[in-house]
Amino acid sequence: MPPSDRLALASAIIDSLQNSPVAKPERVGAIQRMRGLLRTDQPAPTDQEVAEMLEARRLEKF
């Protein structure tokens, strides 16, 4: 393919990407749903509790 044709093709691809609408509302909605899945009534574990959970998990593995 000659360089001028390749450049025209690359330009057409770039133009098509720039003109494509980005689905931000869908992304925002998905983020909100994920936050809802992570939400809990319990307080976040302390560093000590996390360390204990990690140690317990390591012991379970081996």
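Residues numbered from 1 in each chain as written. Predicted model: local features only at pLDDT ≥ 70, side-chain atom pairs only at ≥ 80, totals over all residues. Heavy atoms only, no water.

**Things to note about the environment of L17**
Heads up, the condition is: By definition, any uninterrupted DSSP run of H or I lasting at least four residues is a helix, any uninterrupted run of E lasting at least two residues is a strand, and each is numbered from the N terminus. Under the scheme applied here, a residue whose accessible area is under 20% of the maximum for its type counts as buried, over 50% as exposed, and between as partly exposed, the area being computed with a 1.4 Å probe on protein chains only.
With respect to the helices and strands, the residue L17 is situated in helix α1 (residues 3-18). Taking relative accessible area as the criterion, L17 reaches 60% and is therefore assigned exposed. The spatial distance from the C-alpha of L17 to the C-alpha of R57 is 46 Å, given a sequence separation of 40 residues.

**Description of a nonpolar patch on the surface**
Applicable threshold: Residues enter a patch when their relative accessible area is above 30% and they make no salt bridge; the linking distance is 9 Å between like charges and 5 Å between nonpolar side chains (Val, Leu, Ile, Met, Phe, Trp, Tyr). Computed with a 1.4 Å probe, the accessible areas rest on the Shrake-Rupley method; for each residue, only the protein chains presented here act as cover. Only one rule defines a salt bridge in this text: a Lys or Arg side-chain nitrogen within 4 Å of an Asp or Glu carboxyl oxygen.
A cluster of nonpolar side chains, contributed by M1, L9, I13 and L17, occupies part of the molecular surface with about 450 Å² of accessible area. Mapped onto the fold, L9 is located in helix α1.

**Digging into the confidence of the model for the protein**
The line we're drawing: On a scale of 0 to 100, pLDDT captures the predictor's confidence in every residue.
With 90% of its residues at a pLDDT of at least 70, the protein reaches an overall mean of 83. Considering each helix and strand of the protein separately, the mean pLDDT is smallest for helix α2 (residues 24-38), with a value of 78, and largest for helix α3 (residues 47-61), with 90.

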